[in-house]
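Here's the letter readout for the chains.
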Amino acid sequence: MIHIGEIIKRIVKEKGLSITEFGKRISTHRRNVYDIFIRESVDTALLQKISNVLEHDFFKYYIKNDSKELIILHGKLQTLQKEIEYLKQLVIEKDKINSMLEEKINRLNKRKR
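Residues numbered from 1 in each chain as written. Predicted model: local features only at pLDDT ≥ 70, side-chain atom pairs only at ≥ 80, totals over all residues. Heavy atoms only, no water.

(A) Representation of the packing of aromatic side chains within the structure. Enumeration according to the criterion identifies three aromatic pairs in this entry. Centre to centre, the rings of Tyr34 and Phe37 are 6.3 Å apart; their planes meet at 85 degrees, and the pair counts as edge-to-face. With Tyr34 and Phe37 both in helix α3 (residues 30-38), this residue pair falls three residues apart, about one helical turn. For Tyr34, a relative accessible area of 40% gives the class partly exposed. Taking the centre distance of 6.3 Å and the plane angle of 40 degrees together, the rings of Phe58 and Tyr61 count as tilted. Using a relative accessible area of 0% as the deciding quantity, one classes Phe58 as buried. A relative accessible area of 16% places Tyr61 in the buried class. (Phe/Tyr/Trp six-rings, centres within 6.5 Å; stacked < 30°, edge-to-face > 60°. Helix = DSSP H or I, 4+ residues; strand = E, 2+ residues; numbered from the N terminus. Buried < 20%, exposed > 50% of the residue type's maximum accessible area, 1.4 Å probe, protein only.)

If you want it as structure tokens, here you go:
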């Protein structure tokens, strides 16, 4: 798992920005900047803002590390979607059978009266 806060801290340092200046650029107080540095994850809107300010794509770290997992999850998603479609068809068939049985019961009940 990546620690995005540490990566942000490193890039801020590489860019030669002070904590105060970086905080001003992302519209937050320097205390919040230190909080960002210790976070393992950051809200995507904030991460986009930080990416823009530092001119660095922080999202690439997630894509690079998770690409294999995304491929696996995509395959599972496709399998589950197929299963859902199959189950929907079963429900439709079950409803048809139930409807036919109810009609037959109604006809039998009418004959008995």
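What follows picks up the thread again.
(B) Local environment of the nonpolar core. Counting 19 residues, the largest nonpolar core has Ile4, Ile8, Phe22, Ile50, Leu54 and Phe58 as its most contacted members. Mapped onto this core, the elements with two or more residues apiece are α1 (4-15), α2 (19-25), α3 and α4 (44-54). Broken down by element, this core gets its largest block of residues, five residues, from α1. (Core = buried A, V, L, I, M, F, W, Y, C linked by side-chain atoms within 4.5 Å.)

(C) View of unusual backbone geometry. A positive phi angle is found at Ser27, which is not glycine, with a value near 60 degrees. Of the residues examined, Ser27 reaches a relative accessible area of 56% and is grouped as exposed. At Glu55, a residue that is not glycine, the phi angle is positive and equals roughly 50 degrees. Exposure remark for Glu55: the relative accessible area of 69% places this residue in the exposed category.

(D) A look at the side chain of His3. Mapping His3 onto the fold places it in the segment before α1. Here Ile38 takes part through its backbone oxygen, which lies 3.3 Å from a polar atom of the side chain of His3. Setting aside residues up to four positions removed in sequence, His3 forms contacts with Phe37, Ile38, Arg39 and Glu40. (Polar contact = N/O pair within 3.5 Å; in protein donor to acceptor, adjacent residues only side chain to side chain. Contact = heavy atoms within 4.5 Å.)

(E) Structural detail: a nonpolar patch on the surface. On the surface, a cluster of nonpolar side chains totalling about 290 Å² of accessible area is made up of Tyr86, Leu87 and Leu90. Mapped onto the secondary structure, Leu87 falls in helix α5 (residues 59-112). (Patch = residues over 30% accessible without salt bridge, like charges linked within 9 Å, V, L, I, M, F, W, Y side chains within 5 Å. Areas by Shrake-Rupley, 256 points an atom, 1.4 Å probe, with all protein chains shown as cover. Salt bridge = Lys/Arg side-chain N within 4 Å of Asp/Glu carboxyl O.)

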